[in-house]
Amino acid sequence: MVQVMVLVCLVVLLNYCVLHGLGHSPISYMCGNCSDPTTCDPQDGRCTGGCKIGYMGLSCDELCSNCAGNGSCSQIKGVCHNGCRTGFRGDICILECHNCAGSGACDIESGACLEGCTNGHWGDECTFMCGACSGNGSCDRHSGRCHSECLLGHKFYDCHGKLVVDTFIELVETTRFYERINHEFYEHINHEFYERINHEFCERINHEFYE
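This one's a predicted model, so the numbers in the text were calculated from it and none came from an experiment.

Reading guide: rules and limits
Residues numbered from 1 in each chain as written. Predicted model: local features only at pLDDT ≥ 70, side-chain atom pairs only at ≥ 80, totals over all residues. Heavy atoms only, no water. Salt bridge = Lys/Arg side-chain N within 4 Å of Asp/Glu carboxyl O. Buried < 20%, exposed > 50% of the residue type's maximum accessible area, 1.4 Å probe, protein only. Helix = DSSP H or I, 4+ residues; strand = E, 2+ residues; numbered from the N terminus. pLDDT = per-residue confidence, 0-100. Contact = heavy atoms within 4.5 Å. Core = buried A, V, L, I, M, F, W, Y, C linked by side-chain atoms within 4.5 Å. Disulfide = S-S within 2.5 Å. Polar contact = N/O pair within 3.5 Å; in protein donor to acceptor, adjacent residues only side chain to side chain. Lys, Arg positive; Asp, Glu negative; His and termini not counted.

> When you look at the pattern of salt bridges in this model, what are you seeing that I'm missing?
Pairs may arise between side chains of opposite charge once their charged atoms sit close together. In total, this model carries one salt bridge according to the counting rule given. The residue D44 makes a salt bridge to R46 at a minimum N-O spacing of 2.9 Å. Residue classification places R46 among the partly exposed positions, given a relative accessible area of 37%.

In structure tokens form, the structure reads like this:
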């Protein structure tokens, strides 16, 4: 009689576990987010009938990653059924788009920005930085060429090249040197000119006076 009662209790307990999504016992094992609690395997907690929307894994205890639409993904691999949310890419949508303009969307496979790059970036995936471009800092998406001129102290079409400080100082000093030479030259010429004029004037005055 006692054995029969124990068996009945075990059957009741097992039915309770199945109906409430529990495996083994209500204390040690809890099923994940099974789409139907009755499909939870009482031995290992696996959801044999699939997961609720937004969950994945054998026991449906993992979240889908950045899936668009209703957020659903495949139970085992986590592949998003409706693509990725804006700003994410890849089969399971865990990779981020980089520096994409507009809505921030990019191609789910290649990562190429669909609406161009934000100011200061270039390349298909907008991962390269523009050089020292003036204005809003923007450059051509494919070549990196600045849309405007370079900032002071930079050169080349992409404004990445910098004037070497020593060369810049040498250039300034050379310019000052030539300015000083020119100044001294003209002062010397003017001095000689006035000296000659004064000499000729004095000689002429003396000549006329003695005559």
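> Is there a simple way to think about unusual backbone geometry in this case?
If a residue is not glycine, its phi is most likely negative; likewise, a peptide bond is most likely trans. The phi dihedral of N66 is positive, around 50 degrees, even though this residue is not glycine. Here the phi dihedral of C126 falls at roughly 60 degrees; this positive angle occurs in a residue that is not glycine. Residue placement: C126 occurs in the loop between β5 (121–122) and β6 (128–129). Note on C126: relative accessible area 0%, which makes it buried.

> What am I meant to see in the confidence of the model for the protein chain here?
Caution applies to low-pLDDT parts of the model: their predicted coordinates are not meant to be read in detail. Within the protein chain, residue pLDDT values average 79, and 65% of them lie at 70 or more. Segment residues 18–27 is flagged for pLDDT under 50; beyond a separation of four residues in sequence, or across chains, it makes 27 contacts in the model.

> How do you make sense of the nonpolar core when you look at a structure like this?
For soluble globular proteins, nonpolar side chains are generally found buried alongside one another. Core analysis: the largest hydrophobic core is formed by seven residues, namely M56, C64, C67, C73, C80, C84 and C93. Sequence-distant contacts of C67, defined by excluding residues within four places in its chain, comprise S72, C73, C80, G83 and R85.

> Would you mind showing me how to read the environment of C67 here?
Within the secondary structure, C67 is located in the loop between β2 (62–63) and β3 (88–89). Residue C67 is classed as buried on the basis of its relative accessible area, which comes to 8%. A C-alpha to C-alpha distance of 5.4 Å links C67 and C80, two positions 13 residues apart in sequence.

> Even after reading the chapter, I still don't get the state of the cysteines, so can you show me in this structure?
What is meant by a disulfide is a covalent connection between two cysteines, made through their sulfur atoms. Taken as a whole and judged by the stated rule, the model has twelve disulfides. C31 shares a disulfide with C40; S-S distance 1.4 Å. In this structure, the disulfide formed by C31 and C40 twists by about -65 degrees around the S-S bond and is classed as left-handed. Since its relative accessible area comes to 8%, C31 is described here as buried. The class of C40 is buried, set by a relative accessible area of 3%. Note on cysteine connectivity: C150 is disulfide-linked to C159, with sulfurs 1.9 Å apart.

> For this particular structure, what's the right way to read the side chain of S72?
Following the sequence through the fold, S72 ends up in the loop between β2 and β3. For S72, the side chain forms a polar contact with the side chain of N70, separated by 2.9 Å. Ignoring any residue separated from it by four or fewer positions in sequence, one finds S72 in contact with I53, G54, C64, C67, C80, H81 and N82.

> Would you take a moment to explain the side chain of R89 for this structure?
Counting through the fold element by element, R89 comes out in strand β3. One buried charged side chain, R89, makes no salt bridge at all; its nearest oppositely charged neighbour is E125, positioned 4.2 Å away. A polar contact of 3.4 Å, which involves the side chain of R89, links it to the backbone oxygen of E109. Residues contacting R89, with those up to four places away along its chain left out, are C84, I94, L95, E96, C106, D107, I108, E109, S110, G111 and E125.

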